[in-house]
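A look at the structure
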Amino acid sequence: MRGVEPVSTLNGTQARTVPVWQGRVRMRVLSKGAGPNLVFFHGPWGLHWTPFLDALAQHFTVHAPEHPGTSPGANDDIYNLDGLWDLILCYDELLEGLSLDGAAFVGHSFGAMVACELAAAYPRRAGRLALIDPIGLWRDDAPVTNWMMLDPKELPGHVFRDSTSAGAKLLFAQPEDDAARVAAQVGLTWAMGATGKFIWPIPDKGLKKRIHRVKAPTLLIWGEQDRFLDRALAQQSIDRCDQGRVEYLPGASHWVHHEKPDRVAKLILDFFA
């Protein structure tokens with residue numbers, strides 16, 4: 001693996017790009033804070049540094065990698081990865097390059113699945129796990145809604161309980177400038193495609209056969225009004241974890257850490273303490 005590129009600053013965070021996969025995949029990592037290491041794995045709509053991560057950074061050194069193919073100037077890198085195992089190996093190489101062992105893992109949605117798969121494949125990597133509305137398990141009687149097949153106008157109402165909230169406006173921004181609006185839409189679509197290739201056509205890639213290997217104590221945080229995931233999947237997830245518990249948050253949907261950032265951050269900090 002080639003060396004890590006020099007650190008720069010980006011919106012109050014430190015940004016560095018780490019080449020992995022023999023230099024064919026470049027992953028930008030945003031870092032902030034002081035204290036024990038925490039790795040945040042974002043969901044299928046790209047990385048957004050929000051007050052939730054700032055709250056975690058008051059107690060941890062938060063490292064938030066951008067999913068392969070979503071970093072500026074590195075979109076085509078995603079074509080160098082063929083399947084989920086390629087992706088997990090890339091993340092392992094990333095953590096190796098950053099000298100991160102035994103870090104706390106926090107993941108959301110698709111990112112929670114990646115965090116769990118990584119913890120199952122390399123148990124030493126994860127000291128503790130917090131999974132926010134994770135995908136990765138499947139029930140035929142409670143299928144996961146495929147967000148890539150939704151009408152774009154319906155997506156905000158699935159991701160957020162209130163599609164007019166500040167979080168919804170951040171994620172689904174519609175700038176007045178035509179060029180900026182098109183760029184935002186293209187970026188969002190590309191992020192869904194770059195993550196979606198690893199879970200298509202359904203997000204069931206065998207995690208149920210591997211999750212028993214997760215040794216880290218695990219906290220599940222679940223928005224009670226999640227329109228993508230049935231609550232039965234939360235219980236199925238926690239039943240398969242040796243050291244796990246689940247917290248249900250009323251008044252929140254799939255992006256619960258944006259809808260209730262203070263509450264979710266406190267749950268995680270208390271659990272990691």
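Above: the structure in question.
Figured I'd write up the structure that's included with this text. (Residues numbered from 1 in each chain as written. Predicted model: local features only at pLDDT ≥ 70, side-chain atom pairs only at ≥ 80, totals over all residues. Heavy atoms only, no water.)

Brief notes about helix α8 (residues 231-239)
- If you check which residues of α8 are buried, you get L233, A234, Q236, S237 and I238.
- Of the surrounding elements, those touching the buried residues of α8 are β8 (218-223) and β9 (244-249).
- The N-cap of α8, judged by a side-chain oxygen 2.8 Å from the amide nitrogen of A232 a few residues on, is D230. (Buried < 20%, exposed > 50% of the residue type's maximum accessible area, 1.4 Å probe, protein only. Helix = DSSP H or I, 4+ residues; strand = E, 2+ residues; numbered from the N terminus. Contact = heavy atoms within 4.5 Å. Polar contact = N/O pair within 3.5 Å; in protein donor to acceptor, adjacent residues only side chain to side chain.)

So, the environment of V144
- Relative to the helices and strands, V144 is located in the loop between β7 (126-132) and α4 (155-159).
- Sequence-wise, V144 and I202 are 58 residues apart; in three dimensions their C-alpha atoms are separated by 7.7 Å.
- Those residues in contact with V144, other than ones at most four positions away along the chain, are L137, W138, P203, F228, L229 and L233.

A few points about the nonpolar core
- By size, the foremost hydrophobic cluster in this structure holds 66 residues, and its most contacted members are W45, F105, L155 and V159.
- Ranked by the residues each element gives to this core, the list is headed by helix α3 (residues 110-121), at nine residues.
- Aside from chain neighbours lying at most four places away, what touches V159 is W45, L171, F172, F228, S253, H254, W255 and E259. (Core = buried A, V, L, I, M, F, W, Y, C linked by side-chain atoms within 4.5 Å.)

Here's the deal with helix α2 (residues 84-97)
- If you check α2, its first and last C-alpha atoms are 20 Å apart, about what 14 residues at 1.5 Å a residue would give, namely 20 Å.
- If you check which residues of α2 are buried, you get L84, D86, L87, I88, C90, Y91, D92, L94 and L95.
- S99 lies just past α2 and shows a positive phi near 55°. (Expected span 1.5 Å × (residues − 1).)

The values reported here are purely geometric and, on their own, carry no functional implication.
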